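Report on the structure
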Amino acid sequence: METRTHISVQNLSVYLDGLRILRDVSIDIPDRKITVIIGPSGCGKTTLLKSLNRLLDPLDGVRVQGRVLVDGVDIYDPRTEVTEVRKKMGLLSQRPQALPMSIYDNVAYGPRIHNHISKKNLDEIVEHHLRLAGLWEEVKDRLGEPASRLSLGQQQRLCLARGLAVGPEIILGDEPTSALDPQSSQNVERRLIELKQEYTVIVVTHILRQAKRIADYIVFLYLGELVEHGPAAEVFANPRDPRTRAYLTGEIS
Amino acid sequence: MSRLRPVPVLRRRKLKERIFRALMAASVLLVVGCLALIVGTIIWKGLPAMNLAMVTQTPKGGYYLGREGGILNAIIGSLYLASGATLLAILFSLPVVLYINIYAKRNSRLASMTRFSLDVLWGIPSIVYGAFGFIIMIFFGLKSSLLAGIVAVGLLEFPIMSRAADEVIRMVPRELLEASYSLGATRLETALKVVLRQCLPGLLTAVLIAFGRGIGDAASVLFTAGFTDRIPTSLLQPAATLPLAIFFQLGTPFPEVQQRAYASAAILTLIILVISLLARGLGRRYTRHIIK
């Protein structure tokens, strides 16, 4: 048997109120690369992303078929501990969602939940991950301030730091720059590119240019169907499926 | 031809606009006017009877019939009673509200049934809570007491607090919950560390609304809290309350005692005002962390 990747999706179908949002998607997400999921609005990009850490669970009327293996464990197996699954993944949402607490407490939120850590260690953890997210210099003098006072771009990096502090192996991004100005977007993109040395990054975007800038691997979804996936350079230069070509050339969006 | 001058149709629309604005302004005036009128009457009628003894002494000369002494027993009694009842209501309504918002799916049957039940409970007249409290009291072999009053008023406050808190917690964006879940937090951790913090000012308001209703209600304590001239020193002793003090004082044939009823009403209103302001101030203090 070949060595499995961190995340392996097998015959995944997702239904929402009886409507099929994802149909029979199977894919191995390459480790330590940036995988970008592209496709027109409403094609199931976000659903696919959220199915990876079971964020679909709290929604009404959702049914999931198939398997998602994370490190060989099916996360939809009832015996699987959902908090452990989520611990392995940091999430960046469309709009940065800082928690209603101080900057420090935002980063410390995960570590405090998962481990019993001394105050001194916690300080180190917070600093380390704020640095990792490229936010430390901007906030080191005001860690006690409410996170809501940060700019949106800073909040998104705070969310990144907060996610990293849990010690994940995977970073999920759901159009993580869509609410940000160009500079902040660039900043976040740069972070993601640095982080792929150690993390498996999966990003959903509807911005093709962004996909071209950061993607190592492309997943193209169309109307809930996995149309094409492969190394970014190949897919962009030489799309096999006519629908991918149509999307890349802008015929469909 | 450009139509920069009003044509008949436009004039009619403008007239409508003006009429409705006037109506709305009149309603605002009515509301503010009512408040001013009530507060004015209470103060005007109660001020002559207001003195230090009112708020520092218990009644002298038999249950409120005397013209001497004060209503300290009712002030303290009401504060004890409403505080106890509010605590009791918090104890039950927070879990219910968190459950239907965080644990149950958003539009599940359970959640909507619970909301419906709360609405019905809200609509039940307070005298029924009083009667119900009385039955419970008899069942447990209790006499009319502070405890029995707390139970009855707590029941009265519970749906009010729950519904008000529910409205607040329902406004929490789903993405905020997802942010917490995605960090591996359980629902309980999310509820206690994120939702409660995000909703703190609104929840304070909910608690306050309930407290205000509780401290002002006469019917629910009529059979349950009992009558006394003394300040209760244990949960099992009867407790006087301000609304009942007002009721009995107004019911006497003596004008001086009736005047004291307005003084009591002024004190009750003042208590509610102070607590409102306090909650507002506290609420503002805790808004700094809120995510908009």
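Nothing here was measured: the structure is a model prediction, and the numbers come from that model.

The next point concerns the overall build of chain B. Along its length, chain B carries 11 helices and two strands. Helices and strands in chain B line up, N terminus first, as α-α-β-β-α-α-α-α-α-α-α-α-α. The principal-axis extent of the C-alpha atoms belonging to chain B is close to 85 × 60 × 35 Å. In chain B, which comprises 292 residues, the share counted as buried stands at 39%.

Moving on: the overall build of chain A. The number of helices and strands found in chain A is 10 helices and 10 strands. For 253 residues, the compact-globule formula gives about 18 Å, and the C-alpha radius of gyration of chain A, at 18 Å, lands near that figure. Its C-alpha atoms give chain A principal-axis dimensions of about 55 × 45 × 35 Å. Relative to its full complement of 253 residues, chain A shows a buried share of 45%. Sequence separation of 24 or more characterises 68% of the internal contacts of chain A that already satisfy a separation of 6 or more.

When the parts of a complex come together, some accessible area is lost, and that lost area is often taken as the interface size. Here the domain parsing of chain A yields domain 1 (1-88 + 169-177 + 195-253) and domain 2 (96-167). Look at where the C-alpha atoms of domain 1 of chain A and domain 2 of chain A centre, and you get two points 27 Å apart.

In terms of backbone geometry, most residues other than glycine have negative phi values and most peptide bonds are trans. Residue and element names in this part refer to chain A. Backbone geometry places D17, a non-glycine residue, at a positive phi of 50 degrees. Considering the arrangement of structural elements, one finds D17 in the loop between β1 (7-16) and β2 (19-29). Judged by C-beta crowding, with 10 C-beta atoms within 10 Å, D17 ranks as exposed.

Ranked by size, the top nonpolar core spans 135 residues in total, and within it V36, I37, A161 and I218 of chain A together with L81, M161 and V207 of chain B carry the most contacts. For this core, the element with the highest residue contribution is helix α6 (residues 146-170) of chain B, accounting for 16 residues. Residues within four places of I218 of chain A in sequence aside, it is in contact with V36, I38, A211, H229, G230, A232 and V235 of chain A.

What follows covers the pairing of strand β9 (residues 217-222) of chain A. For a regular strand, the rule is simple: side chains alternate between the two faces of the sheet. Residues and elements named next belong to chain A. In terms of residue burial, β9 counts as a mostly covered element, since five of its six residues are buried. As paired elements, strand β3 (residues 34-38) and β9 share four bridges and run parallel to each other. Residue pairing across strands places I37 opposite V219, the latter belonging to β9. Direction of pairing for β9 relative to strand β10 (residues 225-231): antiparallel, over a ladder of six bridges.

Turning next to the pairing of strand β6 (residues 89-92) of chain A. Residue and element names in this part refer to chain A. Judged by which residues are buried, β6 turns out to be covered on both faces: M89 and L91 on one side and G90 and L92 on the other are all buried. The sheet contact formed by β6 and strand β7 (residues 170-174) spans four bridges and is parallel. What sits directly across from M89, in β7, is I170.

Turning our attention to the environment of L49 of chain A. Residue and element names in this part refer to chain A. On the secondary structure map, L49 appears in helix α1 (residues 45-52). Separated by 42 residues in the primary sequence, L49 and L91 place their C-alpha atoms 9.6 Å from one another. Excluding residues within four positions of it along the chain, L49 makes contact with I37, L172, D174, I202 and V204.

Looking at chain B as a whole, the pLDDT averages 90, with 97% of positions reaching at least 70. Here the predicted complex scores 0.86 on pTM and 0.92 on ipTM.

On the side of chain B, 23 residues touch chain A, which itself brings 24 residues to the contact. Ranked by residue count, the leading element in the side of chain A that touches chain B is helix α3 (residues 103-114) of chain A, at four residues. Within the side of chain A that touches chain B, the residues separate by chemical class into 11 nonpolar, eight polar and five charged.

Moving on: the packing of α6 of chain B against helix α8 (residues 187-216) of chain B. All names here are of chain B. Axis separation between α6 and α8 bottoms out at 8 Å; the angle between their running directions is 150 degrees. Seen along the crossing, α6 lies across α8 with a hand that is right-handed. Across the interface between the two elements, V153, L156, E157, I160, M161, A164, A165, V168 and I169 from α6 touch V195, C199, G202, L203, T205, A206, V207, I209, A210, R213 and G214 from α8. Across the contact of α6 with α8, the residue classes break down as 15 nonpolar, three polar and two charged.

A few words on the environment of T244 of chain A. All names here are of chain A. Relative to the helices and strands, T244 is located in helix α10 (residues 242-249). Between the alpha carbons of T244 and L192 there is a distance of 25 Å; along the sequence they are 52 residues apart. Ignoring sequence-local partners within four residues, the contact set of T244 consists of F220, V227, E228, V235 and P239.

With that settled, consider helix α4 (residues 119-132) of chain A. All names here are of chain A. The end-to-end C-alpha distance of α4, which contains 14 residues, comes to 20 Å, matching closely the 20 Å that a straight helix rising 1.5 Å per residue would cover. Taken together, the buried positions of α4 are I125, V126, H129 and L130. Projection of α4 onto a plane perpendicular to its axis shows the buried side chains occupying an angular sector of 120 degrees, all on one side. Of the exposed residues in α4, those oriented more than 90 degrees away from the buried face are K120, N121 and E124. Its buried side turned inward, α4 meets α3, α5 (136-139) and α6 (152-164). Immediately downstream of α4, the backbone of G134 shows phi near 70 degrees, a positive value.

This part is about the packing of α3 of chain A against α6 of chain A. Taken N-terminus to C-terminus, the directions of α3 of chain A and α6 of chain A make an angle of 35 degrees; their axes are 7 Å apart at the nearest point. Counting all contacts with α3 of chain A, which are made through I103, N106, V107, Y109 and G110 of chain A, the residues of α6 of chain A involved are L158, A161 and R162 of chain A.

Residue and element names in this part refer to chain B. Taken domain by domain, chain B consists of domain 1 (8-49) and domain 2 (52-289). Using only C-alpha atoms to locate each centre, domain 1 and domain 2 end up separated by 30 Å. The residue makeup of the side of domain 1 that touches domain 2, split by class, is five nonpolar, one polar and one charged.

Rules used throughout
Residues numbered from 1 in each chain as written. Chains lettered and ligands numbered in written order. Predicted model: local features only at pLDDT ≥ 70, side-chain atom pairs only at ≥ 80, totals over all residues. Helix = DSSP H or I, 4+ residues; strand = E, 2+ residues; numbered from the N terminus. Buried ≥ 20, exposed ≤ 12 C-beta atoms within 10 Å, placed from the backbone. Rg over C-alpha atoms; globule rule 2.2 N^0.38 Å. Contact = placed C-beta atoms within 7 Å. Domains from an automatic or database assignment. Core = buried A, V, L, I, M, F, W, Y, C linked by C-beta atoms within 7 Å. Pairing = 2+ DSSP bridges. pLDDT = per-residue confidence, 0-100. Nonpolar A, V, L, I, M, F, W, Y, C, P; charged D, E, K, R; others polar. Axes fitted to C-alpha atoms, helices over the stretch in contact; angles between N-to-C directions. Left-handed = near helix turned anticlockwise from the far one by under 90°. Expected span 1.5 Å × (residues − 1). Arc of directions from axis to C-beta.

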